[in-house]
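Descriptive structure summary
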Amino acid sequence: MFENLNWWEIGALLLLALLIFGDRLPTVINDGLRMVRNLRNMARNATGDLSRELGTDIQLEDLHPKAFIRKHLLSEEDEQAIRKPLQSMYDDLRSDVTGVHDELKGVAKAADLRTNGTRPPTATGAAPSPAPTPRPSFDDAT
């Protein structure tokens, strides 16, 4: 929570809190902690009530609508039926992109002067300096 604050800033905040709240600072801290505990208990009670009502085990992360529908309302067959058209479309798109990527690599390799063995003469007539080595990219790894 305070990873982006250094010790001086935390000390200044504590001093400012002491100046604002004075003798009431311990009471304010206790009230804040009690409120956080109450919120956690309310969240636990809500998930427990939902679990009892639905007859399944629900975690707090399961309350996201997509995760809830996927876990509790769809069977595995329904989920596969929904994914099948999208998966085939994804596979087709991936193969097309891979084909274009391979073609571009071929064109780049054909256009590369180092692989052709011919280099244009320099304006000074001196021997050309070696070309820098290409840096590996994310596309090369895939």
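The structure reproduced in this document is the subject of the present report. Predicted model only: the values in this text are computed from it and were never measured.

What follows is about the overall build of the protein chain. Of regular secondary structure, the protein chain possesses six helices and zero strands. In the protein chain, the succession of helices and strands from N to C terminus is α-α-α-α-α-α. Put simply, 5% of the contacts in the protein chain that link residues at least 6 apart link residues at least 24 apart. As presented, the protein chain carries roughly 12,800 Å² of accessible surface, and 62% of it is formed by carbon and sulfur atoms.

Mapped onto the fold, Thr-47 is located in helix 2 (residues 25-54). For the pair formed by Thr-47 and Asp-57, sequence separation is 10 residues and the distance between their alpha carbons is 8.8 Å. A polar contact is formed between the side chain of Thr-47 and the backbone oxygen of Arg-44, at a distance of 2.8 Å.

With 36 residues, helix 4 (residues 76-111) ought to run about 52 Å at 1.5 Å a step, and its terminal C-alpha atoms sit 50 Å apart, in line with that. Bending of helix 4 peaks at approximately 35 degrees at the position of Lys-84, with proline Pro-85 no more than four residues after it.

Counted under the stated rule, the structure contains two salt bridges. Among the ionic pairs, Asp-31 bridges to Arg-34, the shortest N-O distance being 2.9 Å. Here Asp-31 and its partner Arg-34 are both found in helix 2, three residues apart, which amounts to about one turn of the helix. Residue classification places Asp-31 among the partly exposed positions, given a relative accessible area of 40%. Taking relative accessible area as the criterion, Arg-34 reaches 44% and is therefore assigned partly exposed. Asp-49 is the salt-bridge partner of Arg-52, the closest N and O atoms lying 2.2 Å from each other. Pair noted here: Arg-52 and Asp-49 are both in helix 2, with a separation of three residues, about one helical turn. The class of Arg-52 is exposed, set by a relative accessible area of 62%.

Attention shifts here to the environment of Asn-6. For Asn-6, the position within the fold is in the segment before helix 1 (7-21). For Asn-6, a relative accessible area of 40% corresponds to the partly exposed category. There is a polar contact of 2.9 Å between the side chain of Asn-6 and the backbone nitrogen of Glu-9.

Reading the values: the criteria
Residues numbered from 1 in each chain as written. Predicted model: local features only at pLDDT ≥ 70, side-chain atom pairs only at ≥ 80, totals over all residues. Heavy atoms only, no water. Helix = DSSP H or I, 4+ residues; strand = E, 2+ residues; numbered from the N terminus. Contact = heavy atoms within 4.5 Å. Areas by Shrake-Rupley, 256 points an atom, 1.4 Å probe, with all protein chains shown as cover. Polar contact = N/O pair within 3.5 Å; in protein donor to acceptor, adjacent residues only side chain to side chain. Expected span 1.5 Å × (residues − 1). Bend = angle between axes of the 7 residues up to and from the residue. Salt bridge = Lys/Arg side-chain N within 4 Å of Asp/Glu carboxyl O. Buried < 20%, exposed > 50% of the residue type's maximum accessible area, 1.4 Å probe, protein only.

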